[in-house]
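Secondary and tertiary structure notes
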Amino acid sequence: MAQLDMEAPPAAGLQRVGQRPALLPYLAETWRRRSFALTLAGYRLTADLLLNRLGVLWIVLKPLSVALVYGTIFHFLLSGAARPANFLQYLIVGVFVFEFFTGSFSQGAKAITGNAKLVQSLGFPRILLPVSVVAEQAMRMVPVVVLLGILLLVFGEPLAWSWLLLVPILAVMAVFNLGVALVVARMSVRTRDVQQFIPIITRILFYTSGIFFSVDGALADYPILLTAVQLIPTYDFIAISRDVMLTGYTAPAIAWVAALAWATFGILFGVVFFWRDEARYGLSD
């Protein structure tokens, strides 16, 4: 009887269980199954909304309540250069855009660990799970952006064609968010404790991204520190969003360049970083 050739399956085009696929075929398979990620995102969003009586209203009530609380408190505390012009509009744009990042960041960390049974029972590119997380957060942004436009009009911002630029800005931000989600998804598989640090990191970014105060004004006398803050990704996306939505605000040129650079670096690093541990995800518990 001829001896079984253990190298035959790979030569025949099959893949050994637990083996990481090559990057390009992996990405091609991910694109082919992209509808799986979108469907999963839609089902998850629908299921989440059905659990609450107010349904879709909770999507807009959360960032709106945060804006109201901080608006009320810091309306009386801020003064001088740290207080931006059109404070309420400035705050609302910052909170609403930052919410897109925080949702992708926190839920991205649970993309693999929170779907252990799905990962262990079905064969598919695991990258689709972080993709579905960011897709869900993008769906949540639709009513948020509509409310944002309504609130800006109510508070006196004139309707402008530049508002349409918010859509491509958020699309680029979604690319960056996906890169971040991929990184924390893999890190959480290795070490679950990563998820405990996410609220801390989120809070630090909230305060350093100039959500409720003018970073440019507060740090005008500290150019090195100001430049460092202007290179924070969340600051960049919030700043350029304010640039196109608010008549009294102009983002620094560095924010436009940095936002695109962060998105490019984030997705390239995130994809490779996540893919390199692909064979391990089926073993997660």
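The structure displayed is predicted, hence computed values, not measured ones.

Rules used in this analysis
Residues numbered from 1 in each chain as written. Predicted model: local features only at pLDDT ≥ 70, side-chain atom pairs only at ≥ 80, totals over all residues. Heavy atoms only, no water. Helix = DSSP H or I, 4+ residues; strand = E, 2+ residues; numbered from the N terminus. Buried < 20%, exposed > 50% of the residue type's maximum accessible area, 1.4 Å probe, protein only. Areas by Shrake-Rupley, 256 points an atom, 1.4 Å probe, with all protein chains shown as cover. Axes fitted to C-alpha atoms, helices over the stretch in contact; angles between N-to-C directions. Parallel < 35°, antiparallel > 145°, perpendicular 65-115°, else oblique. Contact = heavy atoms within 4.5 Å. Nonpolar A, V, L, I, M, F, W, Y, C, P; charged D, E, K, R; others polar. Salt bridge = Lys/Arg side-chain N within 4 Å of Asp/Glu carboxyl O. Phe/Tyr/Trp six-rings, centres within 6.5 Å; stacked < 30°, edge-to-face > 60°. Left-handed = near helix turned anticlockwise from the far one by under 90°. Expected span 1.5 Å × (residues − 1). Polar contact = N/O pair within 3.5 Å; in protein donor to acceptor, adjacent residues only side chain to side chain.

1. Here's the deal with the overall build of the chain
- Scanning the chain from terminus to terminus reveals 13 helices and zero strands.
- Counting all 285 residues of the chain, 47% fall into the buried class.
- In the form shown here, the chain has an accessible surface area of approximately 15100 Å², with 69% of it arising from carbon and sulfur atoms.

2. Regarding the packing of helix 8 (residues 166-190) against helix 12 (residues 233-245)
- Between helix 8 and helix 12, the least distance of the axes is 10 Å, while the angle of their chain directions is 170 degrees. Here helix 8 lies roughly antiparallel to helix 12, going by the angle between them. From helix 8, Leu166, Ile169, Val172, Met173 and Phe176 reach across to helix 12, where they touch Pro233, Phe237, Ile240, Ser241, Val244 and Met245.
- Residue classes in the contact of helix 8 with helix 12 are distributed as 10 nonpolar, one polar and no charged.

3. Quick word on the environment of Asn115
- Looking at the element boundaries, Asn115 is found in the loop between helix 5 (87-108) and helix 6 (116-121).
- The spatial distance from the C-alpha of Asn115 to the C-alpha of Leu129 is 8.3 Å, given a sequence separation of 14 residues.
- Excluding its chain neighbours within four sequence positions, the residues that come into contact with Asn115 are Arg44, Lys110 and Leu129.

4. Concerning the pattern of salt bridges
- Summed over the entire model, instances satisfying the criterion amount to six salt bridges.
- For the salt bridge of Asp277 with Arg186, the shortest nitrogen-to-oxygen distance reads 3.6 Å. Taken together, the residues span a long stretch of sequence, with Asp277 in the segment after helix 13 (253-275) and Arg186 in helix 8 at a distance of 91 residues.
- The salt bridge involving Asp277 is made with Arg190; its shortest N-O contact spans 2.8 Å. Placement of the pair is Asp277 in the segment after helix 13 and Arg190 in helix 8, with a sequence separation of 87 residues.
- Exposure remark for Asp277: the relative accessible area of 6% places this residue in the buried category.
- The structure contains a network of salt bridges with shared partners spanning Glu29, Arg32 and Arg33.

5. A word on the packing of aromatic side chains
- Within the structure shown, the criterion is met by 16 aromatic pairs.
- Each ring, one from Tyr90 and one from Tyr249, has its centre 5.8 Å from the other, and the planes form 70 degrees; the classification is edge-to-face. Of the two residues, Tyr90 sits in helix 5 while Tyr249 sits in the loop between helix 12 and helix 13, which places them 159 residues apart along the sequence. Of the two residues examined, Tyr90 and Tyr249, each falls in the buried class.
- Relative to Phe206, the ring of Phe98 lies with its centre 5.6 Å away and its plane at 70 degrees, an arrangement referred to as edge-to-face.

6. Overview of the packing of helix 7 (residues 128-154) against helix 8
- One way to put it is that helix 7 packs onto helix 8 with a least axis distance of 10 Å and a crossing angle of 145 degrees. For the pair helix 7 and helix 8, the crossing hand works out as right-handed. Between helix 7 and helix 8, the residues in contact are Pro130, Val131, Val134, Met141, Val145 and Leu148 and Leu166, Leu170, Ala174, Asn177, Leu178, Ala181, Leu182 and Ala185, respectively.
- When its residues are assigned to classes, the contact of helix 7 with helix 8 shows 13 nonpolar, one polar and no charged.

7. What about helix 12?
- Taking 1.5 Å per residue, 13 residues should reach 18 Å; helix 12 reaches 19 Å between its end C-alpha atoms and fits that length.
- Burial within helix 12 is extensive, with 12 of its 13 residues counted as buried.

8. Considering the side chain of Ser132
- Mapped onto the fold, Ser132 is located in helix 7.
- The class of Ser132 is buried, set by a relative accessible area of 0%.
- At 2.6 Å, the side chain of Ser132 and the backbone oxygen of Leu129 are in polar contact.

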